[in-house]
Amino acid sequence: MKVKKLIIPVLLLLSLTAYQSIEDPDYIDIPELRKLYSSGDTSKWPAAELHESIDKSKFQDIGVLPAVPYPAYNTYSKEKESLGKVLFFDPRLSVSGQIACASCHNPELGWTDNLTRSFGHDRQTGKRNSMTILNSAYATSLFWDGRAKSLEDQAQFPVGDPLEMNEKLTIAVNKIGKIKGYNPLFTAAFGDKKVTLERIQYAIATFERSINSPKSKFDNFISGKSEAYTDSQVKGLHLFRTKAQCINCHNTPYFSDNQFHNDGQVLFGTKNEDFGRYNVTKDVKDIGKFRTPTLREVVNTRPWMHHGHFPTLLDVVELYNLGNPSPVQKKYLGTARDTLIPKVDPMLKKLNLSKEEISDLLAFIETLSTPTRRIMTPDLPK
């Protein structure tokens with residue numbers, strides 16, 4: 001009799017759970033999801049809900065970052081990394097002698113500067129928010145508009161930019177070449193003391209490829225540490241890949257598809273108007289498209305978006321939850337400029353996330369970041 005009394009409530013509970021999962025489309029079986037996502041086998045994960053425009057044959061899911069890739073033309077060496085680190089912190093590459101790469105990419109500020117727009121030469125304000133160089137080894141193009149094809153290519157742009165370091169590349173190379181303290185560093189990295197623009201680019205790129213995140217709570221969780229996540233974080237991970245639709249752009253272990261999208265942030269007709277990728281390609285289809293930023297270390301790289309207008313991650317999530325409405329002023333319709341009116345990505349739509357779901361999603365996103373680590377800044381050669 002006692003056994004029967006015990007069995008009936010259990011069966012009733014199981015029946016109610018099954019009924020809830022059938023009747024409530026938003027029901028989430030947390031223990032089951034915890035088991036699947038922390039199994040260490042991504043093939044067991046629930047299917048990601050992808051937009052129809054995504055090529056599923058090329059889709060790569062989120063996961064643990066692989067080993068850092070180094071190009072065949074610029075292989076890794078410790079000596080080259082060390083030289084690149086010194087050059088990265090050396091302000092003598094700038095015309096004023098006051099601005100270094102590290103000025104906008106501060107290691108204690110998520111390798112950015114946490115400013116809406118960075119300050120450059122003569123305290124001029126840049127046009128866009130500084131992107132972090134953390135995990136940039138996994139990026140297939142650099143800058144918000146993708147104008148640099150590699151880290152080697154990227155290294156030259158800030159030096160010659162009038163708003164940043166404002167120095168002629170040839171002069172910057174000559175200045176470094178005249179500093180005797182650099183002779184042994186270039187010799188160790190390249191075999192002789194000759195200073196060239198290419199060698200400076202290669203060294204800085206090698207250093208930047210070494211700036212990577214340690215294992216995050218997310219990495220530990222999906223690798224088998226099932227208790228690393230709270231229930232809220234488990235739900236957030238599942239929402240990220242399903243209802244919240246984040247996975248469409250923030251995929252691969254890098255949490256970026258390395259593609260360009262128009263998410264309605266052109267700010268058309270305002271003083272902050274920015275056509276993004278179009279400025280590089282001059283293809284009207286690229287108006288308003290910007291490179292998908294990584295979400296790894298995103299908590300440490302505030303403020304967000306290419307213009308830096310979003311001070312909290314809640315602001316960002318709320319914007320996408322509303323489908324990112326971006327109305328264009330009617331005064332531009334029927335004018336010469338209406339051919340430049342941007343068309344937002346078709347993936348943008350209202351998500352109808354509840355407050356609890358938004359909270360869960362943010363709880364998950366926070367697990368992609370790790371504590372800020374200090375590094376020893378190098379002594380500059382003399």
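Since we're looking at a predicted model, the values are computed, not measured.

A. Structural context of the pattern of salt bridges. Under the counting rule described, the total for this entry stands at 17 salt bridges. In this structure, the salt-bridge partner of Arg92 is Asp90, at a minimum N-O distance of 2.9 Å. Between Lys289 and Asp286 there is a salt bridge, with the nearest N and O atoms lying 3.9 Å from each other. Owing to a relative accessible area of 24%, Lys289 belongs among the partly exposed residues under this scheme. Via salt bridges that share partners, Arg128, Asp145, Arg147 and Asp274 belong to a single interconnected network.

B. Highlighting the domain arrangement of the protein chain. Here the domain parsing of the protein chain yields domain 1 (30–49 + 215–368) and domain 2 (78–210). Computed from C-alpha atoms alone, the centre-to-centre distance between domain 1 and domain 2 is 28 Å. In this assembly, 23 residues from domain 1 lie in contact with 25 residues from domain 2. Of the roughly 1,900 Å² buried where domain 1 meets domain 2, counting both sides, 52% is carbon and sulfur surface. Counting across the interface, domain 1 meets domain 2 through one salt bridge. Between Asp274 and Arg128 there is a salt bridge; the shortest N-O distance is 2.7 Å. Along the contact surface separating domain 1 from domain 2 lie 13 residue pairs in polar contact (both at pLDDT 80 or more). Going through the elements one at a time, helix H12 (278–281) and strand E2 (290–291) are the ones with two or more residues in the side of domain 1 that touches domain 2.

C. A look at unusual backbone geometry. Note that the residue after Arg302, namely Pro303, is joined by a cis bond; omega there is -10°. Position of Pro303 among the secondary structure elements: in the loop between E2 and helix H13 (313–321). Positive phi, normally seen in glycine, also occurs at Lys282, with a value near 60°. Within the secondary structure, Lys282 is located in the loop between H12 and E2. Exposure remark for Lys282: the relative accessible area of 54% places this residue in the exposed category.

D. Just the layout of surface pockets, in detail. The volume enclosed by the largest pocket comes to roughly 860 Å³. In terms of lining, the largest pocket is formed by 41 residues, of which the most central are Arg128, Asn129, Phe143, Arg147 and Glu164. Elements with a minimum of two residues in the lining of the largest pocket: helix H4 (101–104) and helix H5 (151–154). Both domains that furnish three or more residues to the lining of the largest pocket are identified here as domain 1 (30–49 + 215–368) and domain 2 (78–210).

E. Representation of the nonpolar core in the model. Ile62, Phe218, Leu237, Phe240, Phe255, Leu361 and Phe364 are the most contacted members of the largest nonpolar core, which totals 39 residues. Beyond its immediate stretch of four places on either side in the chain, Ile62 contacts Trp45, Phe218, Leu237, Phe240, Arg241, Ile247, His250, Asn251, Thr252, Pro253 and Phe255. Counting residues in each nonpolar core, the second largest holds 28 residues, with Phe88, Cys101, Trp111 and Val159 among its members.

F. Region of interest: the UniProt feature "binding site: heme c 2" (unreviewed entry) in the protein chain. Mapped onto the present numbering, the UniProt feature "binding site: heme c 2" (unreviewed entry) falls on Cys246, Cys249 and His250. Within the annotated group just given, the residues that line the largest cavity are Cys246, Cys249 and His250. Within the element layout of this structure, Cys246 appears in the loop between helix H11 (231–241) and strand E1 (260–261). When you line up the elements, His250 lands in the loop between H11 and E1.

Cut-off values and rules
Residues numbered from 1 in each chain as written. Predicted model: local features only at pLDDT ≥ 70, side-chain atom pairs only at ≥ 80, totals over all residues. Heavy atoms only, no water. Salt bridge = Lys/Arg side-chain N within 4 Å of Asp/Glu carboxyl O. Buried < 20%, exposed > 50% of the residue type's maximum accessible area, 1.4 Å probe, protein only. Domains from an automatic or database assignment. Contact = heavy atoms within 4.5 Å. Buried area = accessible area lost by both parts, 1.4 Å probe. Polar contact = N/O pair within 3.5 Å; in protein donor to acceptor, adjacent residues only side chain to side chain. Helix = DSSP H or I, 4+ residues; strand = E, 2+ residues; numbered from the N terminus. 1 Å grid on protein atoms, 1.4 Å probe; cavity = no way out; pocket = protein on both sides within 12 Å on 5 of 7 lines; lining within 4 Å. Points joined across faces, edges and corners; volume = space filled by probe spheres on them. Core = buried A, V, L, I, M, F, W, Y, C linked by side-chain atoms within 4.5 Å. UniProt positions renumbered as here; feature names shortened; annotations may be inferred.

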